[in-house]
Amino acid sequence: MGRIRVLSDNIANKIAAGEVVERPASVVKELLENSLDAGATDIRIDVENAGRRLLRITDDGCGMLRDDALLAFERHATSKLHEVKDLDAIATLGFRGEALPSIASVCRLTLETRAEDESTGTRIEIAGGKMLSCEEIGAVRGTVITVRDLFYNVPARKKFLRSEQTELAHIASLVTHYSLAHPAKSFELRNGAANLLNVTPVDTLRERVFQVFGTQTLDELIDLGVIEKAVPFDPEADPVRFRLEGFVSRPQVQKNNRNSIFIFVNGRLIRDRLLLHALSAAYFNLMPAGCFPFALVFLTCDAGQVDVNVHPAKTEVRFHHQTVVHDFVRDGIRDRLIATRPAPAFAPSVQPAAYMPFSEFTQALQDAEPVVPEITDVSEAPVFSLRPEPGPPARFDFTTLPEPTVAKVPDTHGTFPPEVLGDNTASLTSLQDLRALGQLHNSFILAVGRDGLWIIDQHVAHERILFEKVLRQMAAGRVEVQSLLMPVVIDLTAGQQIEYARIAGELAAAGFETEPFGNRTIAVKAAPAAVPPGCLEQVLFEILEIAEKELRSVSLEAFRRGVAASIACRAAIKINMPLDATKMDWLIRELAATDYPMACPHGRPIALQYSTKEILKAFHRI
Ligand code: ADP
Ligand code: MG
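Let us look at the structure shown here. Only a predicted model underlies this, so the values are computations on that prediction, with no experimental measurement involved.

1. Concerning the overall build of the protein chain
- In terms of helices and strands, the protein chain carries 18 helices and 25 strands.
- Considering the protein chain as a whole, with its 622 residues, one finds that 51% of them fall into the buried category.
- Counted over contacts in the protein chain with a minimum sequence separation of 6, partners at least 24 positions apart contribute 75%.

What follows is the structure in structure tokens.
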């Protein structure tokens, strides 16, 4: 890293300045980002009382020269930015030169540092922003910053701190996620004697996810692999490249807020409306509205494509080509979700992971407010109420849970060939080989395949089949229509009348032939063939309601999906309906042929699998 300089007023004024120190986690964030910018590969964070009493970060980065160490505490002193044009392509996490002076003004701070080029190190002590001492010390290369008594001189700020557990959850979340962004580096986090995170360098993100969350979580996640796109914005120049990597949860992992979504843009943890929306759009119709996935996604692009100088806490960004980025992220994730076709397991795996289970870990984080603020107005149409996730109280020491012992009974009744055990991760690709055995309560189809026992909800299965069929027909402009012998006359409210006038064209495209019939009344002359005549009014009212919600905020595509979902729901076979073997087999075959046989358009699961392995475990045969 180059030498530190104080920015000229001209640049300083162009920086989205802001207060960075709100809570212990914000101190950790700034110091951690500095260590990463300094090229550290081994970072250790010690806190006491969740950072209120003590917070120390030790790195093996480039360190600072004596003069630089003194300069670092001046406002707008940075080694990362020199000219106004540098702001156009910021490649470091920090760039404002504000964090150290801000932090030093609200605590007792000690800096110990040594750069490669100097034979001795430097130790500086500051309290409440006042320099107390500066001396030469013996030190290894790198930097240690110790923050004691945070907010000792700003009691008002101290009062706003939350419980120790909440503050610690913020810190743990932050360090954990930066550790996920840098699998090749080691991170250690301790609160007093408790070791909260200790990860050594690994080659892949997958291995780091395993280190942090354990194998059970990996089973709940879908690896996005590497998704790339090159866009030739300018025919004269090289195309602009975008890359997406990371993990997202199977749609069955449903969170009731966005706190389990971690998005990194060029290595920076951010909270971005556009990308949150892209993620929700990827799960659209795969997860109930109002539920959210777990996501750990890394978007990489040329630094010139994204402006990070838009938010005081550097937690928001602005892309130059918003639509391209949004659609790239949405389609990349959605295609992976559709290609993977993961099936929800019927029973949770018998053996809990050795690490803190994913649900517990994220539950702990959910109890805390997000470090980067929650965005609440991402446009979505909440239709279903949320199911709060029951979970045990937060626990952080997730490296020390003992492995439970499961009794193994010696097998005296023959053994199963190994292929019976198969792969524990169920995939809906095996749906096409299922054989229906019968129905449970005339509502659920029981079926068997090579990989176990399946239970299929006949209503939602049919719903998914019809949903995709209607959508396809709508996209092709060829909806199967039935003419009504007698037009159905429907009275509208004033609000519905307005929506009707607005979407008449779209209604026609969806297969509804309607015309105004006096004041606030319409006559329906033809409707999509799939809609049972008795449900016509209900379906139309639902569509008008969707129009009100969706077209204001979201896209035509979202509207069409809503319409298709509404038609499919009314037209699908109901529960409590006996089906013969031919019908059951037809339903399974058709379901297997859908793009996404794992969830109904409202996000409910369609098919549950009880794998052979789980059955054997439950009978203590393995
Ligand atoms: P910024 O990160 O925006 O430049 P900071 O106030 O966070 O501003 O840090 C000021 C400067 O101090 C940095 O530009 C960097 O040169 C130096 N610095 C801070 N922390 C470290 C560290 N851990 N190792 C080496 N240099 C550091
Ligand atoms: Mg910084």
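2. Section: the sheet that holds strand E24 (residues 521–528)
- Sheet architecture is open: three strands sit in the order E22-E24-E23, paired in antiparallel fashion. At either margin of the open sheet sits one strand with a lone partner, and together these are strand E22 (481–491) and strand E23 (513–516). Going from strand to strand, the sheet's axes swing by 15 degrees on average, the running direction of each strand aside.
- Bridge analysis of E22 against E24 gives seven bridges, and the strand direction is antiparallel. The partner of valine 481 across the bridge, within E24, is proline 528.
- Packing of helix H14 (residues 494–509) onto the sheet brings it into contact with E22, E23 and E24, and relative to E23 it is tilted by some 120 degrees.

3. Description of the pairing of strand E3 (residues 54–59)
- Of the pairings in the sheet, the one linking strand E2 (residues 42–48) to E3 comprises six bridges and is antiparallel in character. By the bridge assignment for E3, valine 47 is matched with leucine 55.
- Linking E2 to E3, which pair antiparallel, is a turn of five residues; within it asparagine 49 sits at a positive phi near 50 degrees.

4. Section: the pattern of salt bridges
- According to the stated counting rule, one finds 25 salt bridges in the structure shown.
- Note that lysine 29 and glutamate 33 form a salt bridge whose closest N and O atoms lie 3.2 Å from each other. Taken together, the positions of lysine 29 and glutamate 33, both in helix H2 (residues 24–37) and four residues apart, correspond to about one turn of that helix. In terms of burial, lysine 29 and glutamate 33 fall into one category: buried.
- Across the salt bridge formed by glutamate 499 and arginine 502, the nearest N and O atoms sit 2.6 Å from each other. Of the two residues, glutamate 499 and arginine 502 both sit in helix H14, three residues apart, roughly one turn of that helix.
- Here the salt bridges share partners, and the residues they tie into one network are Arg44, Asp46, Glu188 and Arg190.

5. With respect to the state of the cysteines
- Under the criterion given, the structure shown has zero disulfides.
- Looking at cysteine 600, it has no disulfide partner, and the nearest cysteine sulfur is the one in cysteine 569, 7.9 Å off.

6. Notes on the pairing of strand E8 (residues 142–148)
- Along E8, five of the seven residues are buried, which leaves the element largely enclosed by surrounding structure.
- In this structure, E3 lies alongside E8, joined through six bridges in antiparallel fashion. Bridging across to E8, isoleucine 57 finds its partner in isoleucine 145.
- With seven bridges connecting them, strand E5 (residues 108–114) and E8 associate as antiparallel partners. Looking at the pairing, leucine 109 lines up with valine 147 of E8.

7. Description of empty space enclosed by the protein
- What the rule picks out here adds up to two cavities of 30 Å³ or more.
- Each pocket or cavity is described by its volume, and for the second largest cavity that value is around 30 Å³.
- What lines the second largest cavity is simply Leu244, Ile263, Leu275, Val297, Leu299 and Val329.
- In terms of residue class, the lining of the second largest cavity is made up of six nonpolar, no polar and no charged.

8. Some thoughts on unusual backbone geometry
- For arginine 520, which is not glycine, the phi dihedral falls at a positive 55 degrees.
- Within the fold, arginine 520 resides in the loop between E23 and E24.
- The class of arginine 520 is partly exposed, set by a relative accessible area of 40%.
- With phi around 55 degrees, histidine 620 is a residue other than glycine that occupies positive phi space.

9. Here we look at the sheet that holds strand E25 (residues 607–611)
- Spatial strand order, E19-E20-E21-E25: four strands in an open sheet with antiparallel pairing. Every interior strand has two partners, whereas the edge strands, strand E19 (435–440) and E25, have only one. Strand-to-strand, the axes of this sheet are offset by a mean angle of 25 degrees, without reference to chain direction.
- Sitting on the sheet, helix H13 (residues 458–476) touches E19, strand E20 (444–449) and strand E21 (452–457), and the angle it makes with E21 is about 75 degrees.

10. Some remarks on the environment of proline 532
- Following the sequence through the fold, proline 532 ends up in the loop between E24 and helix H15 (536–553).
- Spatially, the C-alpha atoms of proline 532 and alanine 571 are 6.0 Å apart, while their sequence positions differ by 39 residues.
- Apart from the residues lying within four places of it in its own chain, the contact partners of proline 532 are Arg570 and Ala571.

11. Comments concerning the environment of glutamine 496
- Structurally, glutamine 496 is set in helix H14.
- When its relative accessible area of 17% is taken as the criterion, glutamine 496 is described as buried.
- Sequence-wise, glutamine 496 and arginine 520 are 24 residues apart; in three dimensions their C-alpha atoms are separated by 8.5 Å.
- Of note is the side chain of glutamine 496, whose polar atom sits 2.9 Å from the backbone nitrogen of threonine 493.

12. Digging into the packing of aromatic side chains
- Applying the stated criterion to the full structure yields four aromatic pairs.
- Their ring planes at 85 degrees and their centres at 5.9 Å tell us that tyrosine 178 and phenylalanine 264 sit as a pair that is edge-to-face. With tyrosine 178 in helix H6 (residues 164–181) and phenylalanine 264 in strand E14 (residues 261–265), this pair connects stretches of sequence that are 86 residues apart.
- Residues phenylalanine 242 and phenylalanine 328 carry aromatic rings whose centres are separated by 6.1 Å and whose planes lie at 45 degrees to one another, so their mutual orientation is tilted. Here phenylalanine 328 lies in helix H10 (residues 322–340) and phenylalanine 242 lies in strand E13 (residues 240–249), a separation of 86 residues in the sequence.
- The exposure class assigned to phenylalanine 242 is buried, which follows from its relative accessible area of 2%.
- The buried category is assigned to phenylalanine 328, whose relative accessible area is 5%.
- Taken together, Tyr178, Phe264 and Phe298 form an aromatic cluster joined through their ring pairs.
- Over the ring of tyrosine 152 we find arginine 108, and its NZ or CZ is 4.0 Å from the ring centre.

13. Observations regarding the packing of H2 against H6
- Remark: H2 packs on H6, axes separated minimally by 8 Å, with the N-to-C direction vectors making an angle of 20 degrees. When the axis of H2 is compared with that of H6, the two are roughly parallel. The element H2 and its partner H6 pack so that their crossing is right-handed. On H6, the residues that touch Pro24, Ala25, Val28, Lys29, Leu32, Glu33 and Leu36 of H2 are Glu167, His170, Ile171, Leu174, Val175 and Tyr178.

Rules and cut-offs
- Every chain's residues receive numbers from 1 upward, in the order its sequence appears when written.
- Written order determines the labels here, with chains lettered from A and ligands numbered from 1.
- This being a predicted model, a pLDDT of at least 70 is required before a residue's local features are given, and a value of 80 or more before pairs of side-chain atoms are given or counted; all residues contribute to the totals for chains, interfaces and linings.
- Processing note: side-chain calculations cover all non-hydrogen atoms of the structure and skip hydrogens and water entirely.
- Runs of H or I in DSSP of at least four residues are treated as helices and runs of E of at least two as strands, each being numbered from the N terminus.
- Note on exposure labels: buried denotes an accessible area under 20% of the residue type's maximum, exposed denotes more than 50%, and partly exposed covers the range between, all computed with a 1.4 Å probe on protein chains only.
- Should any heavy atoms of two residues lie within 4.5 Å, those residues are counted as being in contact.
- One bridge is not enough; two strands pair if DSSP finds at least two bridges between them.
- Inter-axis angles, ranging from 0 to 180 degrees, are taken between N-to-C directions of lines fitted to C-alpha atoms, where helices are fitted over the stretch in contact.
- Between Lys or Arg on one side and Asp or Glu on the other, a salt bridge is scored when a side-chain nitrogen of the former is within 4 Å of a carboxyl oxygen of the latter.
- In what follows, a disulfide is any cysteine sulfur pair within 2.5 Å.
- Each cavity reported here is a set of points on a 1 Å grid over the protein atoms alone in which a 1.4 Å probe fits but cannot get out, each pocket an open set with protein on both sides within 12 Å along at least five of seven lines, and each lining residue one with an atom within 4 Å of a point.
- Grid points are joined across faces, edges and corners, and a volume is the space filled by probe spheres set on the points.
- Only Asp, Glu, Lys and Arg are considered charged in this grouping, and only Ala, Val, Leu, Ile, Met, Phe, Trp, Tyr, Cys and Pro are considered nonpolar; every other residue, Gly among them, is considered polar.
- Definition of a polar contact: a pair of N or O atoms within 3.5 Å, with one able to donate and the other able to accept a hydrogen when the atoms are protein atoms, and with sequence-neighbouring residues admitted only if both atoms are side-chain atoms.
- Within 6.5 Å between ring centres, the rings of Phe, Tyr and Trp (the latter by its six-membered ring) count as paired, and their orientation is classed by plane angle as stacked under 30 degrees, edge-to-face over 60, tilted in between.
- Consider the ring centre and the ring normal. A charge sits over the ring if Lys NZ or Arg CZ is within 6 Å of that centre and within 35 degrees of that normal.
- For classification, angles of less than 35 degrees are called roughly parallel, those exceeding 145 degrees roughly antiparallel, those between 65 and 115 degrees roughly perpendicular, and all remaining angles oblique.
- Here a crossing is taken to be left-handed if its near helix is turned anticlockwise relative to the far helix by less than a right angle, and right-handed if that turn runs clockwise.

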